[in-house]
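Working through the structure, step by step
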There are 4 protein chains.
Amino acid sequence: MSHNSYGHLFRVTTWGESHGKALGAVVDGCPPGVPLTEGDIQPWLDARRPGQSRHTTQRKEADEVEILSGTYDGLTTGTPISLMIRNTDQRSKDYSDIAKQFRPGHADLTYHLKYGLRDPRGGGRSSARETAARVAAGGVARAALGALVPGLKITGYMVQMGEKGIDRSRFDAGEIGKNDFWCPDPGAVEEWAEYLEFLRKDDHNSVGAVIEVVAEGVPPGLGAPVYGKLDTELAAAMMSINAVKGVEIGAGMGAAALTGRDNADELFWGENEGLSFSSNNAGGILGGISSGQPVVVRFAVKPTSSILSPRQSITVDGEPVELITKGRHDPCVGIRAVPVGEAMMAAVLLDHLLLDRGQTGGVRGEIGRR
Amino acid sequence: MSHNSYGHLFRVTTWGESHGKALGAVVDGCPPGVPLTEGDIQPWLDARRPGQSRHTTQRKEADEVEILSGTYDGLTTGTPISLMIRNTDQRSKDYSDIAKQFRPGHADLTYHLKYGLRDPRGGGRSSARETAARVAAGGVARAALGALVPGLKITGYMVQMGEKGIDRSRFDAGEIGKNDFWCPDPGAVEEWAEYLEFLRKDDHNSVGAVIEVVAEGVPPGLGAPVYGKLDTELAAAMMSINAVKGVEIGAGMGAAALTGRDNADELFWGENEGLSFSSNNAGGILGGISSGQPVVVRFAVKPTSSILSPRQSITVDGEPVELITKGRHDPCVGIRAVPVGEAMMAAVLLDHLLLDRGQTGGVRGEIGRR
Amino acid sequence: MSHNSYGHLFRVTTWGESHGKALGAVVDGCPPGVPLTEGDIQPWLDARRPGQSRHTTQRKEADEVEILSGTYDGLTTGTPISLMIRNTDQRSKDYSDIAKQFRPGHADLTYHLKYGLRDPRGGGRSSARETAARVAAGGVARAALGALVPGLKITGYMVQMGEKGIDRSRFDAGEIGKNDFWCPDPGAVEEWAEYLEFLRKDDHNSVGAVIEVVAEGVPPGLGAPVYGKLDTELAAAMMSINAVKGVEIGAGMGAAALTGRDNADELFWGENEGLSFSSNNAGGILGGISSGQPVVVRFAVKPTSSILSPRQSITVDGEPVELITKGRHDPCVGIRAVPVGEAMMAAVLLDHLLLDRGQTGGVRGEIGRR
Amino acid sequence: MSHNSYGHLFRVTTWGESHGKALGAVVDGCPPGVPLTEGDIQPWLDARRPGQSRHTTQRKEADEVEILSGTYDGLTTGTPISLMIRNTDQRSKDYSDIAKQFRPGHADLTYHLKYGLRDPRGGGRSSARETAARVAAGGVARAALGALVPGLKITGYMVQMGEKGIDRSRFDAGEIGKNDFWCPDPGAVEEWAEYLEFLRKDDHNSVGAVIEVVAEGVPPGLGAPVYGKLDTELAAAMMSINAVKGVEIGAGMGAAALTGRDNADELFWGENEGLSFSSNNAGGILGGISSGQPVVVRFAVKPTSSILSPRQSITVDGEPVELITKGRHDPCVGIRAVPVGEAMMAAVLLDHLLLDRGQTGGVRGEIGRR
């Protein structure tokens, strides 16, 4: 991570502001010969797109991605892939009154302090709109993973909205795509819907969420002992998303409450079954390196600071001001973070797949009698 | 983060295994003219050193740091600072029986899978011993911060051991250095001591912990909007520490349960008092950039997997084996993680201080009537 | 340098193929508050643009640059600046016959060997057209340098075309802009023009060139002792340009023929005049760090391999083929490399200005009685 | 390249000053399982070591390398390899009189200007002694290349000393190791010896040199189209060596004088012979990517500025001073640059081998009927 880029061999640089002409990503280092057209990326963007249910911002963006370079005849060529998404539904007037005010809990203040100026239209670079570029880049990563590791599968979903968590005994992956919340617990959906309706219409408020992203079929051996730990890279990837304030791998913060005996994922091996484990507290990563178990990451998205309830703040001149953020905002921005978390997981895994075959050639130490 | 290095302008590379000849760090990019001798680094190493109380591993290491380059006449010259710590108390025989076994919850398995071989003596590169190099590098960062931002102060402490958290109403920073646990709650110390005694002597078990690190006096403007967010960099820094499985900034995972109204840190300004806030849910970072509030990070350290209780595992040949890890291990390795977390905080803040003055010249946008 | 990016704090990533939809650059890390509009960049592109004289390719490209992000109200905001140039005059049919042939001296062969496929239209990514993105990015660097170091001045010119070098005793900087060759020696212009005319019309051939780029007013202290030497960075920057095969700093390859006595640039100092030197064999860089003297770089551009004379080659099937490259090509592609070299110089100097003030704060060691 | 590091996947960081306690390198990212002991590195250091003939500095250094980490049982483990060389023959008093003077053509001045202070003992970080660390790191690269690409062979030699070049018609690779100058032209040896004798004893002078390094058996496909061109990386690697002021690939600066017809390396293919070329003006690199031909690099080393002849200079107080550099210096420091150039070639090729198999898996596009 540096500046506006992430990744080592599969390197993504994003650009663009909420209300500028466009936003996009340059994806460098993609393996050559991967089938890739706009049609491989668009569906992921459509999933993230706002304005699709009453629970997300009513801003309507087509979010149509255009591939400007890096492919020929429907295949990646190994050269940089430039992705662009035009902004079409900017209403700058919604924001004009806050150009000289600092919204509490928002980047307004710190951009001003650091840069001395900022693009006030729709939050500029700090807008959740930036995540569209991540999702587009993630679409490229998925295409490459599909070619290199056919069995790999990434699934994201919400496990907590506000104080309301899912009941894991009712977990049903098939439900995730059927509701407005990427919720795997059918029993939680209605409650969440009512709660969001209340927050938006009555309480003029917003709320946070926890997202979980799981990758199954990850080859063992991805990551590195220290600093370059796969945990580190995933933590950075998720924390780099707007509004994320906490990241967990496997048992996560809860690992602190475990004893060594309970935390140890016991190991088994069978000639046919291969490696298996009694549990997955490690979240699929031991010593910074993937073990072959599912890689499990969770992250917390704070409630958006843009709400219709008045909050106390100041202007750039230091004058006190009571501030209400009008405009079209998400009552639970965490919902749209689900495809974003999936995209970051895809980018990190692909990057480390390439890094690993760079250093080791992708050859694995064996287990079992030889 | 890449390979065994972290940082952008203040760049640290560590090397060394638990039972090799030595371990160390190369610190590159340090500002010139900073007063620095071994005496500025040694105290931080002494704080991390094992064998100082009955609650940490009885391995005895002098952990004496030697500066091999990069200073002249007691001042940094701007060239790479090479730090070395000789290993003196290795007892390799303790580990010889596990060379062909995989300890559950440990890097043994994944090193084997990735590299095809590993240094089995004391965990090799995956040993917590690596953190001595971090603490030494952190000592350099602290010296530079001391010269550049005199008011900056970093404080780390344990806020949870196993399921037992501190009572924040009894928080007393003055207590932190007075007990074996870096515990700021005098009421928790005895309970923790008894619990650890039980785990070690009777239960042959270990336990996790949560560490909090706070930096006061951080200048506003450090960090960057996306990817290079200060949150991202701190999350990566803490997650890169051995055995860390979760990282939080400010309200952290708890931000998910907050509403936008509660989460918003309201802003105030006074001609004399300057900027102030009603709360610090943001952990001192808004939009990825420091606001001037204290920067607050927490991380969870899992219980060490090296315990005297038998766990089920396999050998490299796939044979089942019941495994007990003898040797000298920490019942709560989180204790020694406190100075490590402080060191990583120091390194990240210095790096971003240099990055910021690189891009912006360190000039700040102003608030108030001019 | 890595992948398709260069620079550390001022980081440029370019993308695009000769005959794709567009090409461009993402410029990350630019200081905030720098006045920047398309009007600041376009003139540099116009200088590089083909089709302006009979001595360069007759392909006609408007090369109109569009700023898609990173500025607000005509000022840079510190966020990534996305620059795009649409391709308008592609004639893909000119190239269709060579899709399965490898032009000698061209990237055709190695792209095929590395990637297994390539974009054959106009050379794809290997086309000199990529340099338009560099020149656009260089325009941003110049704008920032203009704000930060007002006296800094970058001048590029051709000093050799084929075997015909300039006569330095006739050097006149005022002449550079007045002829088709960026030639500072008015006595060489007519001879060069005739030679190129012969090569193009009669000999169906092309020729190489040497470009010199000089930066005056460079602050001392830019660069670093080893690896990050300013010489290293400039060598990499120039060598990264298409078709460049040699780079020199100051006396360059000629330094090999000098004795230590002749090579030493003697030092003088006067209270009013400051530092001065007897000569500039070092090209303004001592020990990898700028001395305050003009920074002098030269690079050799090989003749383009796309000529109308038949050359022996093979097809992808291994069949021998006699190959003539039709299409619109530069008889001396070095001419258009002059603005490219200037752009790279600007980018490197700005990057190192930011790096230096990051590490040292931009404070200088003094000379003279204090 | 950044700070004191180079390489992407195979990353080397060096540290140490001429007269400090030690110098060394940390080599990160080496493939695991490579046989490596001190005995694999020491011979290359012995070749570079000063004090072996009357033509190099009489400083006597054992230059004994110690591997401190990263290997187990004689094999690399994939973790960082720390290499250390103790300084033993420092005579700091030789340099004490120049602590406040700036030697012309030397880093003294610019270190002072940038950092405000410097280690004056033996040139500190700017000493050619730093290259010992490069040679040690290069030894690791060679060991890895030996395991991965058995046929690859790197040969360096001097082709010019002062104005005296070799006669290529007498080129005999077998001669290189038999004389004090790594000279492949037996007819030049005596003349060079006499010339150096004169420079050292009578003229109190020094002289520059040109080194050529050739790598045979380089797999095709290493490098990348732009910025990451193999030419770029080699140019940076060689230019990063102390005192180097010019770098050429293949025809190099001479490519400027060639026409396209002469410069084109024509292509041939035979079912048994595979790919062949009529010439190698490209130096084995087309479009930034290796073609399978020998990779050819040349670089110019300027004459050392440390000579016994008086030169005009100034003190830090701005006072004029006539300066003679006593001490033990190389009359032609280029001689000892030969093993250094070989080491850099090895490091760059290994790095790009790993990069290539990271991105492409090392699979090659084929030629010939299928």
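Conventions adopted
Residues numbered from 1 in each chain as written. Chains lettered and ligands numbered in written order. Predicted model: local features only at pLDDT ≥ 70, side-chain atom pairs only at ≥ 80, totals over all residues. Heavy atoms only, no water. Helix = DSSP H or I, 4+ residues; strand = E, 2+ residues; numbered from the N terminus. Pairing = 2+ DSSP bridges. Contact = heavy atoms within 4.5 Å. Axes fitted to C-alpha atoms, helices over the stretch in contact; angles between N-to-C directions. UniProt positions renumbered as here; feature names shortened; annotations may be inferred. Buried < 20%, exposed > 50% of the residue type's maximum accessible area, 1.4 Å probe, protein only. Polar contact = N/O pair within 3.5 Å; in protein donor to acceptor, adjacent residues only side chain to side chain. Least-squares fit on C-alpha atoms with pLDDT ≥ 70 in both. Buried area = accessible area lost by both parts, 1.4 Å probe. Salt bridge = Lys/Arg side-chain N within 4 Å of Asp/Glu carboxyl O. Nonpolar A, V, L, I, M, F, W, Y, C, P; charged D, E, K, R; others polar. Phe/Tyr/Trp six-rings, centres within 6.5 Å; stacked < 30°, edge-to-face > 60°. Left-handed = near helix turned anticlockwise from the far one by under 90°.

Within the chain, B:D63 stands out as a residue other than glycine whose phi angle is a positive 50°. With respect to the element layout, B:D63 can be found in the loop between α1 (38-48) and β4 (65-67).

Residues and elements named next belong to chain D. Pairing in this open sheet of 5 strands is antiparallel, and the strands run β1-β2-β3-β7-β4 from one edge to the other. Where the open sheet ends on each side, the last strands, each with one partner, are β1 (5-6) and β4 (65-67). Sheet topology places strand β2 (residues 11-16) next to strand β3 (residues 22-28); 6 bridges connect them, and they run antiparallel. Its bridge partner being in β3, W15 is matched across the sheet by G24. Here helix α3 (residues 131-148) sits on the sheet and contacts β1, β2, β3, β4 and β7 (81-86); the angle it forms with β3, its principal contact strand, is near 30°.

Summarizing the sequence annotation, UniProt attributes the feature "binding site: FMN" (unreviewed entry) to A:R125, A:S126, A:S127, A:N242, A:A243, A:G287, A:K302, A:P303, A:T304, A:S305, A:S306 and A:R328 in the numbering used throughout. With respect to the element layout, A:R125 can be found in the loop between α2 (108-115) and α3 (131-148). Using a relative accessible area of 2% as the deciding quantity, one classes A:R125 as buried. Among residues more than four places away in sequence, those in contact with A:R125 are A:N4, A:T14, A:W15, A:G16, A:E17, A:Y111, A:E130, B:P225, B:V226, B:Y227, C:T79 and C:P80. Along the chain, the position of A:K302 falls in the loop between β16 (295-301) and β17 (311-314). Within the structure, A:K302 has its side chain in polar contact with the backbone oxygen of A:G105 (distance 3.1 Å).

For the pair chain D and chain A, the best superposition has an RMSD of 0.0 Å and corresponds to a rotation of 180° with a translation of 0.0 Å parallel to the axis. In the structure described here, the two chain copies are related by an operation that fits a two-fold rotation axis. Within chain D, D:G358 has its C-alpha nearest the rotation axis, a separation of 1.9 Å. The fraction of interface residues of chain D whose copies in chain A are also interface residues reaches 100%, indicating that both copies meet through the same surface.

With an RMSD of 0.0 Å, chain A superimposes on chain B once it is rotated by 180° and translated 0.0 Å along the axis. In this assembly, 100% of the residues forming the interface of chain A have copies in chain B that are likewise at the interface, indicating an isologous arrangement.

Attention shifts here to the interface of chain A and chain B. With 116 residues of chain A in contact, the opposing surface of chain B contributes 116 residues. Summed over both sides, the interface of chain A with chain B buries roughly 9000 Å², with 60% coming from carbon and sulfur. A salt bridge links B:K245 to A:D231; the nearest nitrogen and oxygen atoms lie 2.8 Å apart. Taken together, the links from chain A to chain B amount to 60 residue pairs in polar contact (both at pLDDT 80 or more).

Counting buried positions over the 8 residues of helix α2 (residues 108-115) of chain C gives 8, a clear majority of the element. Among the residues of α2(C), C:D108, C:L109, C:T110, C:Y111, C:H112, C:L113, C:K114 and C:Y115 are the ones counted as buried. Lining the buried residues of α2(C) we find β12 (267-270), β13 (274-277), β14 (285-286), β15 (289-290) and α7 (334-360) of chain D. Positioned one or two residues after α2(C), C:G116 has a phi angle of 80°, which is positive.

Before going further, it helps to examine the interface of chain D and chain A. The interface is formed by 15 residues belonging to chain D together with 15 residues belonging to chain A. Of the roughly 1000 Å² buried between chain D and chain A, counting both surfaces, carbon and sulfur atoms make up 58%. Broken down residue by residue, the surface that chain D buries against chain A is led by D:R357, D:G358 and D:Q359, which jointly contribute 49%. The interface formed by chain D and chain A includes 0 salt bridges. Counting the contacts that link chain D with chain A gives 9 residue pairs in polar contact (both at pLDDT 80 or more). Among the residues forming the side of chain D that touches chain A, the class breakdown is 7 nonpolar, 7 polar and 1 charged.

Another point: the packing of aromatic side chains. According to the stated counting rule, one finds 16 aromatic pairs over all chains in the structure shown. Ring centres of A:Y6 and B:Y227 lie 4.9 Å apart, and the angle between their planes is 35°; on these two criteria the pair is classed as tilted. Here B:Y227 lies in the loop between β10 (209-216) and α5 (230-239) and A:Y6 lies in strand β1 (residues 5-6), a pairing that spans two chains. Take A:Y6: its relative accessible area is 2%, and that puts it in the buried class.

Right, let's get into the packing of helix α1 (residues 38-48) of chain D against α3(D). Residue and element names in this part refer to chain D. Contact geometry for α1 and α3: axes closest at 8 Å, N-to-C directions at 145°. Judged by the sense of rotation from one axis to the other, the crossing of α1 with α3 is right-handed. Here I41, W44, L45 and R48 of α1 lie close against α3, whose contacting residues are T131, A132, V135, A136, G139, V140 and R142. Looking at the contact of α1 with α3 residue by residue, the class counts come to 7 nonpolar, 2 polar and 2 charged.

With that out of the way, let us pick up the pattern of salt bridges. Residues and elements named next belong to chain B. Scanning the model with the defined rule gives 84 salt bridges over all chains in all. For E197, the salt bridge identified is with R200, shortest N-O distance 3.4 Å. A residue pair is termed a helical-turn pair when its members lie 3 or 4 positions apart in one helix, as E197 and R200 do in helix α4 (residues 186-202) at 3 residues.

This part is about the sheet that holds β1(A). All names here are of chain A. One open sheet holds the 5 strands; their spatial order is β1-β2-β3-β7-β4, and the pairing between them is antiparallel. Each end of this open sheet is capped by a strand with a single partner; those strands are β1 and β4 (65-67). As judged from the 3 bridges shared by β4 and strand β7 (residues 81-86), these two strands associate in the antiparallel manner. Residue pairing for β7: I67 is matched across the bridge by L83. Contacts from α3 reach β1, β2 (11-16), β3 (22-28), β4 and β7, with the element oriented near 30° to β3.

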